[in-house]
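Here is what each chain is made of, one letter per residue.
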Amino acid sequence: MKRSKLLTIIAVIIFVIYIFPILWMFLSAFKTDLEIITQKFFPSHLNLENYSYILEQSGILRWLFNSAFISLTSTLGALVVTVFASFSLGRLKFKGNTVLFYITLAGVMIPLQAIMIPRYLLLRDLNLLNTYWGLIIPYMVNPMFVLIVSQFFKGIPKEFEEAARIDGANDFFILFRIMVPLARPSLIAIAVFSFVSSWNDFLWPLIVMSDSSMYTLPIGLATFYGSYSMKYGVTMAGNVIAALPIFIFFLIFQEQLIQGLTAGGLKE
Amino acid sequence: MKKNSIKGYLFFLPFGVLYGLFLIYPLINGFRMSFFDWDLFGEPQFIGLQNFSKMFNDPTFWSSLWHTIYFVILTVPILVILGFLMALLLNSKIYMKRLFRMLFFFPYVLSITIVCSIWAFLYQPHFGIIDKIFEIIGINYTGWLLDPKTAMPAIALTTIWWTLGFNVILYLAGLQEISDSVYEAATIDGANSFQKTIFITIPLLKRTHALVLVLQTIASLQIFGQVYIMTGGGPQGSTRVLIQYIYDQGFRYFRMGYAQAMALFFFAIMFVIAFIQIRLTLRTGGE
């Protein structure tokens, strides 16, 4: 296969322009206020003051913890709930199976922005405002996940299940020893997607969390930046710290993330 | 048979309960709320359809709706076309293909706060880098986010940069499904690569075009965070979008019923588009 040098050069040029804002963020995080105002391209030295400032003046480490804790627990919860429901829809024959499928499908059509107010009121009545649960539990319900995984379960040949049943296996054995291992690619894909979308969510934590120690990273940083709007070096240092975990996560799981996005066409 | 039914419902139950509680119940309660006047603290007053008539006579509602549509117009065509072109480039015979794909997709996983604060910095009057670039080509303009004329396009550009990678990925997935033999046959018939793109690639990706278009429209109609972080709806309300107006009415001025009436209007728009999306995704079998 002959590769094109010309197309590669075009790609490199576009790539450099495209990635420039991220490069600019990294460089600016090391700049002093004076260097930023005078539009110096490179920082004069590896100045770490912006980093120490954001670490000391904002709750960034606490927000990091909140985001990590909420994203991890809600992803685990989503997996459990999704696996059971998908087994019911995809593998069990019973009266009402089709009805439940259509009910789940209908859920995909409900935009969260349209129900944010009644949902807020519900959480208030349940005393879940300003708590981790107020974010974790709603993140666990995603009808699209159930549709994707049940589709996957459906595609697993009957023979696997029948052979196990003859050997006396019960439903839990079949679900966790046969279905789940075989559906692993789709489960990892939805897990990665669930993690990234709860990590990056903006609207829901903005509504639910009122105490700054309960903020997730996107909300915490947004409020912090809002009150220090002229400190661009500090802002960029905060961005670098916030981007680092998701960058590492992305390097490890990008294949799965892409799989999760293309299956069923999820988009935030 | 009966035992099987119970089993089916039991496995569905954990999801079903959460689904009912956090999706269906709020939806029904939202319908009910839109008929009431309520400030969150006192007693709700039943006012019939007054919230809806107020909404249709509220110029801010219409301008917010228009700003949302304006944002859709600014972003959707560019994101779809550029997404396709980038996917073509990344699918062609270039070196370091995997590296390029990864890097173009990376901004998509950055959180909205990071993206918006980087771009607010780039747009910064006087010392922002974008001013400097324009200065070099001889245009002296400053304050992209401070001018009602340029604020929304500036937010649109930020959004395009942020989410383009997602559409590229969808297109790449579509491109991979086209078999090489189709192109080989065309080559034998003497088609050049431009002709192959126009007469083979574009028509064969019909379903992908439709899916990307619908998903992008849904995503763009939901715009909120970028505006909230970058301009707060200003300058002079020129970037106030529908979700922000609902958010402000509900959570800042506590007009719960009124905000919910507008939320239902938003729901109606989204419902129609989501319906098309489902028809598109289900036909592929969800995979």
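Quick caveat: nothing in here was measured; it's all calculated off a predicted structure.

Looking at this structure, how should I read the overall build of chain A?
The helix and strand tally for chain A stands at 14 helices and 0 strands. Counting helices and strands in the order they occur from the N terminus, chain A gives α-α-α-α-α-α-α-α-α-α-α-α-α-α. Projected onto its principal axes, the C-alpha positions of chain A cover 75 × 65 × 30 Å. Within the span of chain A, comprising 268 residues, buried residues form 59% of the whole.

Sorry if this is basic, but what is going on with the UniProt feature "domain: ABC transmembrane type-1" (unreviewed entry) in chain B here?
Under the UniProt annotation, the feature "domain: ABC transmembrane type-1" (unreviewed entry) is placed at residues 65-277 of chain B. Note that residues 65-277 of chain B is 75% helix and 0% strand, and that its end C-alpha atoms are spaced 22 Å apart.

What should I look at first to understand the nonpolar core in this one?
Nonpolar side chains in soluble globular proteins tend to be buried together. With 196 residues, the main nonpolar core has I54, M116, I117 and L175 of chain A together with L110, W119 and I246 of chain B as its most contacted residues. Excluding its chain neighbours within four sequence positions, the residues that come into contact with I54 of chain A are I60, L221, F224, Y225, V234, A237, G238 and I241 of chain A.

How do you make sense of the side chain of T8 of chain A when you look at a structure like this?
As for its position among the elements, T8 of chain A is in helix α1 (residues 5-28). The contacts of T8 of chain A, once residues within four sequence positions are left out, are I94, Y95, M96 and F100 of chain B.

Explain the environment of L203 of chain A here, please?
As for its position among the elements, L203 of chain A is in helix α12 (residues 203-208). For L203 of chain A, a relative accessible area of 14% gives the class buried. Those residues in contact with L203 of chain A that lie beyond four places of it in its chain are Q113 and M116 of chain A together with F224 and Y247 of chain B.

What is the right way to read the interface of chain A and chain B from this model?
Quoted interface sizes are often the accessible area lost when the parts come together. With 105 residues of chain A in contact, the opposing surface of chain B contributes 98 residues. Carbon and sulfur atoms make up 78% of the surface buried where chain A meets chain B, a total of about 9300 Å² over both sides. In this assembly, chain A and chain B are joined by 2 salt bridges. Where K7 of chain B meets D171 of chain A, a salt bridge forms, and the shortest distance between an N and an O atom there is 3.1 Å. The tally of links from chain A across to chain B stands at 17 residue pairs in polar contact (both at pLDDT 80 or more). Its residues assigned to classes, the side of chain A that touches chain B shows 76 nonpolar, 18 polar and 11 charged.

Help me understand the packing of helix α3 (residues 49-57) of chain A against helix α14 (residues 232-262) of chain A, please; the structure alone is not making it clear to me.
The geometry of a pair of packed helices is captured by two quantities: the angle between their axes and the separation between those axes. Residues and elements named next belong to chain A. Interaxial distance between α3 and α14 falls to 8 Å at its minimum, and their mutual angle equals 75 degrees. Compared by their axis directions, α3 and α14 come out roughly perpendicular. On α14, the residues that touch N50, Y51, Y53, I54 and L55 of α3 are G233, V234, A237, G238, V240 and I241. When grouped by side-chain class, the residues that make up the contact of α3 with α14 number 8 nonpolar, 3 polar and no charged.

What exactly am I supposed to notice about the UniProt feature "transmembrane region" (unreviewed entry) in chain B here?
All names here are of chain B. Mapped onto the present numbering, the UniProt feature "transmembrane region" (unreviewed entry) falls at residues 9-28, 69-90, 102-122, 151-173, 210-229 and 257-276. In residues 69-90, the share of helix is 100% and the share of strand is 0%. The end C-alpha atoms are 31 Å apart. Split by type, residues 151-173 is 100% helix and 0% strand. Its first and last C-alpha atoms lie 34 Å apart.

Looking at this structure, I do not really get the environment of S28 of chain A. What am I missing?
Along the chain, the position of S28 of chain A falls in helix α1. What S28 of chain A contacts, discounting residues up to four positions off in sequence, is I36, N50, G233 and M236 of chain A together with F121 of chain B.

Quick question: what am I supposed to make of the UniProt feature "transmembrane region" (unreviewed entry) in chain A here?
Residues and elements named next belong to chain A. Those residues carrying the UniProt feature "transmembrane region" (unreviewed entry) are residues 7-27, 63-87, 99-120, 132-153, 174-196, 202-225 and 232-253 in this numbering. Helix makes up 100% of residues 7-27 and strand 0%, with an end-to-end C-alpha separation of 29 Å. Regarding residues 99-120, the helix share stands at 64% and the strand share at 0%, and the terminal C-alpha atoms are separated by 28 Å.

Is there a simple way to think about the confidence of the model for chain B in this case?
Close inspection of predicted coordinates is inappropriate for parts of the model with low pLDDT. All names here are of chain B. Here chain B shows a mean pLDDT of 90. Residues at 70 or above account for 97%. Mean pLDDT values over the elements of chain B span from 84, in helix α6 (residues 129-136), up to 96, in helix α3 (residues 59-91). In the predicted assembly, ipTM is 0.91 and pTM is 0.92.

I'm lost on a nonpolar patch on the surface in this one. Help?
Judged by side-chain polarity, V12 and V16 of chain A together with Y95, M96 and L99 of chain B come together as a nonpolar surface patch covering roughly 400 Å² of accessible area. Checked against the element boundaries, Y95 of chain B lands in the loop between α3 and α4 (97-105). Judged by relative accessible area, Y95 of chain B falls into the partly exposed class, the value being 32%.

Looking at this structure, I do not really get the pattern of salt bridges. What am I missing?
Side chains that differ in charge, positive against negative, can pair when their charged atoms come close. Applying the stated criterion to the full structure yields 7 salt bridges over all chains. Here R91 of chain A makes a salt bridge to E161 of chain A, at a shortest N to O gap of 2.8 Å. Of this pair, R91 of chain A sits in helix α4 (residues 60-91) while E161 of chain A is found in helix α9 (residues 158-166), placing the two residues 70 residues apart along the sequence. Both residues of the pair, R91 of chain A and E161 of chain A, count as buried. Residue D248 of chain B pairs with R252 of chain B through a salt bridge whose shortest N-O separation is 3.4 Å. Placement of both D248 of chain B and R252 of chain B in helix α12 (residues 242-252) is noted, with a separation of 4 residues, approximately one turn of the helix. Take D248 of chain B: its relative accessible area is 8%, and that puts it in the buried class.

Looking at this structure, I do not really get unusual backbone geometry. What am I missing?
Phi is mostly negative for residues that are not glycine, and the peptide bonds are mostly trans. Of note, the bond from G234 of chain B into P235 of chain B is cis; its omega dihedral lies within 30 degrees of zero at -5 degrees. Structurally, P235 of chain B can be placed in the loop between α11 (225-230) and α12. Positive phi values are uncommon outside glycine, yet N130 of chain A reaches one of about 60 degrees. Turning to its location among the elements, N130 of chain A is positioned in the loop between α6 (116-125) and α7 (132-140).

Just to check I follow, could you spell out the packing of α6 of chain A against α12 of chain B for this structure?
Where α6 of chain A contacts α12 of chain B, the axes come no closer than 10 Å and their chain directions differ by 35 degrees. Here the hand of the crossing between α6 of chain A and α12 of chain B comes out right-handed. On α12 of chain B, the residues that touch M116, I117 and Y120 of chain A of α6 of chain A are I243, I246, Y247, G250 and F251 of chain B. Grouping the constituent residues of the contact of α6 of chain A with α12 of chain B by class yields 7 nonpolar, 1 polar and no charged.

Just checking my understanding: could you explain α1 of chain A for this structure?
Along an α-helix, residues three or four positions apart point the same way, because every turn accommodates 3.6 residues. All names here are of chain A. Between its first and last C-alpha, α1 extends 33 Å over 24 residues, near the 34 Å set by a 1.5 Å rise per residue. For α1, the principal kink sits at F20 and spans about 50 degrees; a proline, P21, occurs within the next four residues. Residues T8, A11, F15, Y18, I19, F20, P21, I22, W24, M25, L27 and S28 constitute the buried set of α1. Between a side-chain oxygen at the N-terminus of α1 and the backbone nitrogen of L6 the separation is 3.4 Å; the capping residue is S4.

The rules behind these values
- Residues numbered from 1 in each chain as written.
- Chains lettered and ligands numbered in written order.
- Predicted model: local features only at pLDDT ≥ 70, side-chain atom pairs only at ≥ 80, totals over all residues.
- Heavy atoms only, no water.
- Helix = DSSP H or I, 4+ residues; strand = E, 2+ residues; numbered from the N terminus.
- Buried < 20%, exposed > 50% of the residue type's maximum accessible area, 1.4 Å probe, protein only.
- UniProt positions renumbered as here; feature names shortened; annotations may be inferred.
- Core = buried A, V, L, I, M, F, W, Y, C linked by side-chain atoms within 4.5 Å.
- Contact = heavy atoms within 4.5 Å.
- Buried area = accessible area lost by both parts, 1.4 Å probe.
- Salt bridge = Lys/Arg side-chain N within 4 Å of Asp/Glu carboxyl O.
- Polar contact = N/O pair within 3.5 Å; in protein donor to acceptor, adjacent residues only side chain to side chain.
- Nonpolar A, V, L, I, M, F, W, Y, C, P; charged D, E, K, R; others polar.
- Axes fitted to C-alpha atoms, helices over the stretch in contact; angles between N-to-C directions.
- Parallel < 35°, antiparallel > 145°, perpendicular 65-115°, else oblique.
- pLDDT = per-residue confidence, 0-100.
- Patch = residues over 30% accessible without salt bridge, like charges linked within 9 Å, V, L, I, M, F, W, Y side chains within 5 Å.
- Areas by Shrake-Rupley, 256 points an atom, 1.4 Å probe, with all protein chains shown as cover.
- Left-handed = near helix turned anticlockwise from the far one by under 90°.
- Expected span 1.5 Å × (residues − 1).
- Bend = angle between axes of the 7 residues up to and from the residue.

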